[in-house]
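Examination of the molecular architecture
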Amino acid sequence: AAAAAAAAAEEPAAAPPPPARAPAPQVKLGKVDKKLIAWAAKNPDAIAVSRHNVQITDTAACHAIAGCPALVKLELERTLVTDITAEAVAMRLGSQITNLNFGYTELTDIGVLAIAGSCPNLEIFQAKGSKVGNRGLVALAPACPKLEFVSVGDGSQISVSGITEFLSFALPNLKAFNANGTQFWSKGGKEYDQMLEKHPGVDFMTPE
């Protein structure tokens, strides 16, 4: 008995149980978010949502996407949305969405890759002033052959090489491409002139 007691004394004490996981913080919705959620609930057959320059978050945007399953147009320029909303578009709207505007949002290549993988009928894609880079832009070209208008300028992380690769794909419907504010224009010269020669039917929206 004495030996057993000694052995037990040598054993390390059991680790205390881990603390209980804190509950996930509740997302506090602002008035604009609540207004959009309420609007979506009252308009389940809506085919377009256009909200610009307001404090809409992913939470409200995803509610609208889920609540309006017939959407073909979603414009959220200068809102607070991120890749989370783009992924919701890809998952819930998929091939029916034709018009997306994520200008001046937190959209990155991750969100664009999700869109490219699920939205083959996209015709208008705007992400100027976002965090989209070459990878996202180039992924759109083969995945969305119906593109008519693309805007990725004003601070997005697009370079001349990304634009060149994007335009190397067959995009027979492309009518306008805006990369104002990227290296495409700041460099000027040879690359830009070559683009004009190769794509005479595309309006590159050169700033005045």
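Residues numbered from 1 in each chain as written. Predicted model: local features only at pLDDT ≥ 70, side-chain atom pairs only at ≥ 80, totals over all residues. Heavy atoms only, no water.

Describing the pattern of salt bridges
Scanning the entire structure with this criterion turns up three salt bridges. Among the salt bridges present, the one from R78 reaches E77, with a minimum N-O distance of 4.0 Å. Taking the relative accessible area as the measure of exposure, R78 reaches 40% and is therefore partly exposed. Its relative accessible area of 13% is what places E77 among the buried residues. (Salt bridge = Lys/Arg side-chain N within 4 Å of Asp/Glu carboxyl O. Buried < 20%, exposed > 50% of the residue type's maximum accessible area, 1.4 Å probe, protein only.)

Looking at the packing of helix α6 (residues 134-143) against helix α7 (residues 160-167)
Between α6 and α7, the shortest axis-to-axis distance is 8 Å and the interhelical angle comes to 10 degrees. Taken as axis vectors, α6 and α7 run roughly parallel relative to one another. The residues of α7 that touch α6, namely those facing N134, L137, V138, L140 and A141, are S161, G162, I163, E165 and F166. Considered class by class, the residues forming the contact of α6 with α7 number six nonpolar, three polar and one charged. (Axes fitted to C-alpha atoms, helices over the stretch in contact; angles between N-to-C directions. Helix = DSSP H or I, 4+ residues; strand = E, 2+ residues; numbered from the N terminus. Parallel < 35°, antiparallel > 145°, perpendicular 65-115°, else oblique. Contact = heavy atoms within 4.5 Å. Nonpolar A, V, L, I, M, F, W, Y, C, P; charged D, E, K, R; others polar.)

Description of the sheet that holds strand β6 (residues 176-178)
As summarised here, the arrangement of the six strands in space is β1-β2-β3-β4-β5-β6, forming an open sheet in which the pairing is parallel. Whereas interior strands pair on both sides, the edge strands pair on one side only; in this sheet they are β1 (48-50) and β6. Ignoring strand direction, the axes of neighbouring strands in this sheet form an average angle of 5 degrees. The pairing of strand β5 (residues 149-151) with β6 spans three bridges and is classified as parallel. In the sheet register, V150 faces β6, and the bridge partner there is F177. (Pairing = 2+ DSSP bridges.)

Structural notes on helix α4 (residues 83-93)
For α4, the full list of buried residues reads D83, T85, A86, A88, V89, A90 and L93. Where α4 is buried, its residues contact α3 (58-67), β2 (73-75), β3 (99-101) and α5 (109-118). A positive phi of about 50 degrees marks G94, the residue just after α4.

Observations regarding the packing of helix α2 (residues 31-42) against α3
Between two packed helices, what matters for the description is the angle formed by their axes and the separation of those axes. Taken N-terminus to C-terminus, the directions of α2 and α3 make an angle of 5 degrees; their axes are 9 Å apart at the nearest point. Classified by the angle their axes make, α2 and α3 are roughly parallel. Counting all contacts with α2, which are made through D33, L36, I37 and A40, the residues of α3 involved are A60, A61, H63, A64 and G67.

Some words on the nonpolar core
Counting residues in each nonpolar core, the largest one holds 50 residues, and the members touching the most others are F125, L140, F166 and F177. Elements with a minimum of two residues in this core: α2, α3, α4, α5, α6, α7 and α9 (190-198). When residues no more than four places from it in sequence are discounted, the contact partners of L140 are V112, I115, A116, L122, F125, L147 and F166. (Core = buried A, V, L, I, M, F, W, Y, C linked by side-chain atoms within 4.5 Å.)

Details of unusual backbone geometry
One non-glycine residue with positive phi stands out, namely R78, at about 60 degrees. The residue Y104 is not glycine, and still its phi comes out positive at about 55 degrees. Accessibility expressed as a relative area gives 24% for Y104, which makes it partly exposed.

A word on the side chain of S151
Here S151 lies in strand β5. The buried category is assigned to S151, whose relative accessible area is 1%. Apart from residues no more than four positions distant in its own chain, S151 is found in contact with F125, Q126, A127, K128 and N178.

Overview of the environment of A61
Tracing the backbone shows A61 in helix α3. With a relative accessible area of 2%, A61 lands in the buried category. Taking the C-alpha atoms as reference points, A61 and L76, 15 residues apart in sequence, are found 8.5 Å from one another. Dropping the residues within four chain positions of it, A61 is found in contact with L36, I56, L76, V81 and T85.

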